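# Results of the structural survey
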Amino acid sequence: MSDTIRIDIERLRKALIDETGSAVFVGSPWAIVDVAALESATPEELIREAQKRGYDLRRFSY
């Protein structure tokens with residue numbers, strides 16, 4: 001049995017952007033920069049960011 005999962009990267013990207021974008025309304029000036037970085041991030045960068053935020057990546061599997 002393999003521990004490998006296939007991740008829907010665009011769903012993951014959207015979730016990260018949605019979470020980060022909500023920080024703009026709380027007054028975080030860096031959130032806009034973070035959203036721009038997420039929009040152009042590679043799949044590996046998105047996965048690292050999601051892991052850093054404690055996301056369960058199985059939620060984005062297909």
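Because the structure is predicted, anything quoted here is derived from the model rather than measured.

### Some points on the confidence of the model for the chain
- Residues at a pLDDT of 70 or more form 89% of the chain, whose mean pLDDT is 88.
- For the chain, the element scoring lowest by mean pLDDT is helix α2 (residues 31-39), at 85; helix α3 (residues 43-52) scores highest, at 96.

### Digging into the nonpolar core
- Ile7, Leu12, Leu16, Leu46, Ala50, Tyr55 and Phe60 are the most contacted members of the largest nonpolar core, which totals 14 residues.
- Contributing elements (two or more residues each) for this core: α1 (9-24), α2 and α3.
- No other element matches α1, which puts five residues into this core.
- Leaving out residues up to four positions away in the same chain, Ile7 has contacts with Leu12, Ile47, Leu57, Phe60, Ser61 and Tyr62.

### A word on the side chain of Thr20
- As for its placement among the helices and strands, Thr20 is situated in helix α1.
- Given the relative accessible area of 5%, Thr20 is considered buried.
- For Thr20, the side chain forms a polar contact with the main-chain oxygen of Leu16, separated by 2.8 Å.
- Excluding residues that lie within four positions of it along the chain, Thr20 makes contacts with Ala31, Asp34, Val35, Leu38 and Arg53.

Quick notes on the rules
Residues numbered from 1 in each chain as written. Predicted model: local features only at pLDDT ≥ 70, side-chain atom pairs only at ≥ 80, totals over all residues. Heavy atoms only, no water. pLDDT = per-residue confidence, 0-100. Helix = DSSP H or I, 4+ residues; strand = E, 2+ residues; numbered from the N terminus. Core = buried A, V, L, I, M, F, W, Y, C linked by side-chain atoms within 4.5 Å. Buried < 20%, exposed > 50% of the residue type's maximum accessible area, 1.4 Å probe, protein only. Contact = heavy atoms within 4.5 Å. Polar contact = N/O pair within 3.5 Å; in protein donor to acceptor, adjacent residues only side chain to side chain.

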